[in-house]
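Here are the chains, one letter per residue:
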Amino acid sequence: MVQETRGELYLSFAGIWQRPRREIADHLEEIIELWSEEIEIPPETVAVLSAFCQRYPAGEERLNALWAEYIPLFETGAVEAPPYASVYLDKGRQVLGAETRAVQAFYASTGYGMGNDKQELSDHLAVELEFLALLARDGEETSGETFRQKHLLPFLQAILPRIKGSRRPVYAQAAEILDNWQLKSYERG
Amino acid sequence: MKRRDFLKGALYGTGGTMIALGGFGTLTKLDPKKAAAAEQDALSTVFSTCEMCTSRCTVALKVKNGKVVKAEGHPNDTSTGGSICARGNAAPSLLYDPERIKKPMIRTGERGDGKFKEVSWDEAYSYITEKLKNVQKQYGGEALAVTSRVNPNDIFFRSLARAMGSPNMFSHEATCPMTRTVALEATFGNPYIGADYGNAKYIITNGRNFFEGIHVPMVKGVMKSISNGGKLVVLDPRFSVTAAKGEWVPIKGATDLAFIMAMANVMISENLYDKEFIAQYSVGFDKWVEAVKDKTPAWAEQETGIPKDKIVQITRDFAKAKPNCLLEYGWRTPWTGNDYQLRRAIMIVNMMMGNWEVPGGYFRKKGAALLKPYPELQQYAKSLGGGMVQPAFPKPVKGRIDGTGVKGTPGQVIPVPDGAVGQIPESILTGKPYPIKAWMVYRFNPVISMPESERVIEAIKKLDLMVTCDVYMTDAAYYSDVVLPECTYMERYDPMIDNTGLTPKFQIRQPAVSVVYPDTKPAWQIFKELGEKMGYGQYFPFKDMEEYLTKQLAAAGLTLAEMKEKGFWVPPGMKPFFMRGKDPKAPAPTATADQKIQIFSEELEEATKQGIPEYKHYPQPENGKFRFIQGKVAVHTNAGTHNVPVLNELMPTNTLWINSVSAGKLGIKEGDSIIISAGKYEHKGIAKVTEGIRPDSVFTYHGFGRISPKMTRAYGKGINDNKLIPNELGEIGNVVSSTTFVTVRKA
């Protein structure tokens, strides 16, 4: 897989795991198209996602449908799959653990840090994927692969089964696709 | 836009709306020096004030690498001895909990569906503003009710209601110690009365469970008393942890007033009370003599189930310890409709012991106004100022829904800052005296903290607007239209905390770390911003909390810098001050008009026609039924901490305590699944079979059996006591917790 494509894929997944917003939601069809072209995906997975897009056309309605999935899955209260790495990789199932700090240190070692608005914790799944997108864009392949092996993959191994098991259509399918790409077929890709 | 353009644009900055920093702008290029500095963050200590319960203990938060790694007691605070309780210790577990609310949310499904969307703060404020303005236009400003658990941000929260012209501001106190407040105000003129447990030689408590309903300084005091050879007697239908530290007297529920009146009867008939004290410091004792003349130990034995000889013996021993003895005034949910008269009678018997303003007795809290008349203490007489000057609020068009403040009615004595919160669901459902259409709750969870949970939910569902401000998706939040995420106490400033006792004491609450979840905010900021959005900015005339605190402290000659450094202030060199500490005849005025202790209360006579406590007999459970009683547990705070990870791990659920003989008759064994029935409502539970409870009573710890599925750890675990208790308003608007009878059967 060429570096440019890898960057786009990372960014597409970063967009998916972020809190729902119009810019991403309205481009869901394009993201699905990218995934279909670049990752091995069973047709039924694409069908579920396409059905979602047809049922909820781009706009407010789609955004609210994504919120309905996102909040119980990731955000508030009985979160089914907390999106923070330290919840899985540190003792205590809490945020801002040693893994958060390790990730921050890695960001810093490559010249990156969290943006000024600090709207997210640094070990959020979307942030880690966005970081890898930036490294791919920068041509930092070695750093990218080190981060992937050391931080992303252990995180994905812990969180993706939870998201896939959630039976929340968009996110469960997206997790299936990310799993296919990162955990099953990355080397082939 | 084609997809390659969209993603490329975001990644390489060739188009789209998210290109400023590359990617989605979440990450940015970092100054390498700053990154290195952050790596070398050493362990530091930030002094603050705990908020894991309402006791407000001073704490030392240990911070490393920008993270609170431990909460400890403040090492220089003699009141706590540098200790904190399990709840205080668990604070970091709340701070870093992934289940906290992270963004403002607006409901998208039906109430109770649990469907929400996250919105910006501005969207949330706009939504609330529009709804409240509609309510104001249609029903008047008084159709808004606000309720909070008493806290330093109330001034901002309540300003929203005041600005709208609503008089309906409530605290949680009617579900907690409001009857004690009424008793203290009627007897002493204000409720700011403390007890010196550590120097008491004899303590009697009616159900006050120090070692499970923990207030660290009080626990330390009681432990000191016991360690010094003091006697502790615990009247409680249940063998509590406190009972285990003293002599357990298993009194029948709802009969405590009989025991207290019999004590007075014995003291009078045997001349055990301090006549000179009563003559010098009180008024109306003759009416008390009349009221208790037939309340003999033999009569009390019939009521309480305590042998008359035991009542006499306890009374005699207690009186021997006078004036260094305490009949504990209680701090918990009212038991009966006339609970305030129990609290009154307790304080009258205390005064018969002359335990006023002496070590080991009761005392007025020593604020500046109290110290000023004493030349040698004037140097310590400092008080905090206001942090802002607000313009006058509009006068409400209507009176309060609970009748608070109405002369010649029980409402006359309901404390204005508290009100009778149980009236809110009634007014929503019945429209009487007029309907409440919007309800805002802050750090208060009416679904679990008020009786009859299902009726509270039914009421919430009828509202035009329900708003909850909290740290978790509580049961109230789950049924709300808007949920506002407050940050925890470890992430914010609050107004100064006045914790004055035997000396003045001011405490700061300050952030130990930046907010963990970036879109959570301090309550003062939330209410200020909401007020500004509603067009009420003039009622929030301050820039930020540091400016507010600076003004408050300036009045006391203190600075924010020194408070931040030390955490709390007590007058250097001042010793605990009792007005009668050196001279038993010294003036010891109360806050009443005549400065005397009101054994007979003219105000209560006017309000309730009971200027002197009168005994009311409450029924005892019939055969086959049990009195349902509840209480606190040491590792949880009311309904507030059951989802906090560490505390939930310590105690995730509760059980129903049932006497072994009673259980045997019902074929119930330890650990059996049971059904508890209060008639209209039933609840499943697990039986704890024990000899540590009267055969006619069953008990459960409060705050469990949570209804919000979004509190994963606490959801559906254990018994929600308030599902079974009816919403009965007591004589002065208090809730009533101990007159419910239940049956128990195997599930």
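Basis of the calculations
- Residues numbered from 1 in each chain as written.
- Chains lettered and ligands numbered in written order.
- Predicted model: local features only at pLDDT ≥ 70, side-chain atom pairs only at ≥ 80, totals over all residues.
- Helix = DSSP H or I, 4+ residues; strand = E, 2+ residues; numbered from the N terminus.
- Rg over C-alpha atoms; globule rule 2.2 N^0.38 Å.
- Buried ≥ 20, exposed ≤ 12 C-beta atoms within 10 Å, placed from the backbone.
- Contact = placed C-beta atoms within 7 Å.
- Arc of directions from axis to C-beta.
- Pairing = 2+ DSSP bridges.
- Domains from an automatic or database assignment.
- Nonpolar A, V, L, I, M, F, W, Y, C, P; charged D, E, K, R; others polar.
- Axes fitted to C-alpha atoms, helices over the stretch in contact; angles between N-to-C directions.
- Parallel < 35°, antiparallel > 145°, perpendicular 65-115°, else oblique.
- Core = buried A, V, L, I, M, F, W, Y, C linked by C-beta atoms within 7 Å.
- Left-handed = near helix turned anticlockwise from the far one by under 90°.

Comments concerning the overall build of chain A
Here is step 1: Of the regular secondary structure elements, chain A holds ten helices and one strand.
Here is step 2: When the helices and strands of chain A are listed from N to C terminus, the series reads α-α-α-α-α-α-α-β-α-α-α.
Here is step 3: Taking 2.2 N^0.38 as the reference for a compact globule, 189 residues should give roughly 16 Å; the C-alpha atoms of chain A span a radius of gyration of 16 Å, in line with that estimate.
Here is step 4: In terms of overall dimensions, chain A has a C-alpha envelope of 45 × 40 × 30 Å along the principal axes.
Here is step 5: Counting every position in chain A, which comprises 189 residues, the buried fraction comes to 51%.

Describing the overall build of chain B
Here is step 1: Within chain B, the secondary structure is distributed over 27 helices and 28 strands.
Here is step 2: For chain B, the C-alpha radius of gyration of 27 Å lies close to 27 Å, the compact-globule estimate for 747 residues.
Here is step 3: If one aligns the C-alpha atoms of chain B with their principal axes, the spans along those axes are about 95 × 65 × 55 Å.
Here is step 4: Per-residue burial for chain B yields a buried fraction of 58% across its 747 residues.
Here is step 5: Long-range contacts, defined here as pairs at least 24 residues apart, represent 71% of the contacts in chain B between residues at least 6 apart.

Topic: helix H19 (residues 453-461) of chain B
Every α-helix carries 3.6 residues per turn, so stepping three or four residues along brings you back to the same face.
Residues and elements named next belong to chain B.
Here is step 1: Burial in H19 covers these residues: Ser453, Arg455, Val456, Ala459 and Ile460. Relative to the axis of H19, the buried residues are bounded by an arc of 165 degrees and lie together on one face.
Here is step 2: Tucked inside the fold, the buried residues of H19 contact helix H17 (423-430), helix H18 (446-449), strand E17 (465-470) and helix H27 (721-724).

Considerations on helix H22 (residues 545-554) of chain B
Residue and element names in this part refer to chain B.
Here is step 1: Taken together, the buried positions of H22 are Met545, Tyr548, Leu549, Gln552 and Leu553. Looking down the long axis of H22, one finds its buried residues gathered within 125 degrees of arc, a one-sided arrangement.
Here is step 2: In this fold, the buried residues of H22 make contact with helix H21 (523-533) and helix H23 (560-566).

Digging into the pairing of strand E26 (residues 682-690) of chain B
All names here are of chain B.
Here is step 1: By the bridge criterion, four bridges tie strand E24 (residues 656-659) to E26 in an arrangement that is parallel. Pairing of Leu656 across the sheet is with Ala687, part of E26.
Here is step 2: As paired strands, strand E25 (residues 673-677) and E26 are joined by five bridges and run antiparallel to one another. The partner of Ser677 across the bridge, within E26, is Glu682.
Here is step 3: In this structure, the hairpin formed by E25 and E26 is closed by a connection of four residues, where Gly679 is found at a positive phi of approximately 95 degrees.

A few points about the domain arrangement of chain B
Residues and elements named next belong to chain B.
Here is step 1: Domain boundaries in chain B define domain 1 (3-95), domain 2 (105-176 + 419-561), domain 3 (178-366 + 579-608) and domain 4 (626-746).
Here is step 2: On the side of domain 2, 14 residues touch domain 1, which itself brings 15 residues to the contact.
Here is step 3: Those elements that provide at least two residues to the side of domain 1 that touches domain 2 are strand E2 (44-49), strand E3 (58-64), strand E4 (67-73) and helix H4 (91-95).
Here is step 4: Taken together, the residues of the side of domain 1 that touches domain 2 sort by class into seven nonpolar, five polar and three charged.

Observations regarding the sheet that holds E3 of chain B
Residues and elements named next belong to chain B.
Here is step 1: Strands sit in the order E2-E3-E4 across an open sheet of three strands; the sheet is antiparallel. Two strands bound the open sheet, and with one partner strand each, they are E2 and E4. Sheet twist, expressed as the average angle between the axes of neighbouring strands with direction ignored, equals 30 degrees.
Here is step 2: With six bridges joining them, E3 and E4 adopt antiparallel strand pairing. Residue pairing in the sheet places Val59 in a bridge with Gly73 of E4.

Regarding the packing of helix H10 (residues 256-269) of chain B against helix H12 (residues 285-292) of chain B
Residues and elements named next belong to chain B.
Here is step 1: Between H10 and H12, the shortest axis-to-axis distance is 9 Å and the interhelical angle comes to 110 degrees. It follows from the interaxial angle that H10 and H12 lie roughly perpendicular. On the side of H10, the interface is formed by Met261, Ala264, Asn265 and Ile268, while H12 contributes Trp288, Val289 and Val292.
Here is step 2: When the residues that make up the contact of H10 with H12 are grouped by side-chain class, the tally is six nonpolar, one polar and no charged.

A word on the interface of chain B and chain A
You'll often see interface size given as the accessible area lost when the parts meet.
Here is step 1: Counting from both sides, the interface comprises 47 residues of chain B and, opposite them, 49 residues of chain A.
Here is step 2: Elements that contribute at least two residues to the side of chain B that touches chain A include exactly helix H1 (3-12), strand E1 (27-29), helix H2 (32-39) and strand E6 (116-118) of chain B.
Here is step 3: With seven residues, H1 of chain B is the single largest residue contributor to the side of chain B that touches chain A.
Here is step 4: In terms of residue class, the side of chain B that touches chain A is built from 23 nonpolar, eleven polar and 13 charged.
Here is step 5: As paired strands, strand E1 (residues 112-114) of chain A and E1 of chain B are joined by three bridges and run antiparallel to one another. Each residue of the ladder has a partner; that of Gly113 of chain A, found in E1 of chain B, is Thr28 of chain B.

A word on the sheet that holds strand E10 (residues 202-206) of chain B
All names here are of chain B.
Here is step 1: One open sheet accounts for four strands, arranged E12-E11-E10-E14; its pairing is parallel. In this open sheet, the two edge strands, each paired with only one partner strand, are strand E12 (247-249) and strand E14 (325-327). Across the sheet, the mean angle from the axis of one strand to that of its neighbour is 15 degrees, orientation sign disregarded.
Here is step 2: Sheet analysis places E10 next to E14, joined by three bridges and oriented parallel.

Some words on unusual backbone geometry
All names here are of chain B.
Here is step 1: The peptide bond linking Lys322 to Pro323 adopts the cis configuration, its omega dihedral lying at 5 degrees.
Here is step 2: Its identity is not glycine, yet Asn638 carries a phi of approximately 40 degrees, on the positive side.
Here is step 3: As for its position among the elements, Asn638 is in the loop between strand E23 (626-631) and helix H25 (645-650).

Here's the deal with the nonpolar core
Here is step 1: Counting 279 residues, the largest nonpolar core has Phe259, Ile260, Ala264 and Ile658 of chain B as the members making the most contacts within it.
Here is step 2: With residues near it in sequence (within four places) discarded, Ile658 of chain B still touches Ala663, Ile668, Ala687, Val689, Ile693, Val698 and Val744 of chain B.

Some thoughts on the environment of Pro75 of chain B
Residues and elements named next belong to chain B.
Here is step 1: When you line up the elements, Pro75 lands in the loop between E4 and helix H3 (86-89).
Here is step 2: Considering only alpha carbons, one finds Pro75 and Phe47, 28 residues apart in sequence, at a separation of 9.8 Å.
Here is step 3: When sequence neighbours within four positions are dropped, the list of residues in contact with Pro75 reads Ala60 and Gly82.

Focus: the pairing of E25 of chain B
All names here are of chain B.
Here is step 1: Residues of E25 alternate between two faces, with Ile674 and Ile676 buried on one and Ser673, Ile675 and Ser677 left unburied on the opposite face.
Here is step 2: Of the pairings in the sheet, the one linking E25 to strand E28 (residues 741-746) comprises four bridges and is antiparallel in character. Looking at E28, one finds that Ser677 is bridged to Thr743.

Considerations on the packing of helix H7 (residues 178-188) of chain B against helix H15 (residues 339-352) of chain B
Residues and elements named next belong to chain B.
Here is step 1: Two elements in contact, H7 and H15, have axes whose closest approach is 8 Å; the angle formed by their N-to-C orientations is 50 degrees. When the interaxial angle is binned, H7 and H15 end up oblique. Classified by chirality, the crossing of H15 by H7 is right-handed. Between H7 and H15, the contacting residues are Thr179, Arg180, Val182, Ala183, Leu184, Ala186 and Thr187 on the first element and Asp339, Tyr340, Arg343, Arg344 and Met347 on the second.
Here is step 2: Classifying every residue of the contact of H7 with H15 gives six nonpolar, two polar and four charged.

Some words on the environment of Ser514 of chain B
All names here are of chain B.
Here is step 1: The residue Ser514 is located in the loop between strand E20 (506-507) and H21 in this model.
Here is step 2: Take Ser514: there are 10 C-beta atoms within 10 Å of it, and that puts it in the exposed class.
Here is step 3: For Ser514 and Pro98, which are 416 residues apart along the polypeptide, the C-alpha to C-alpha distance reads 16 Å.

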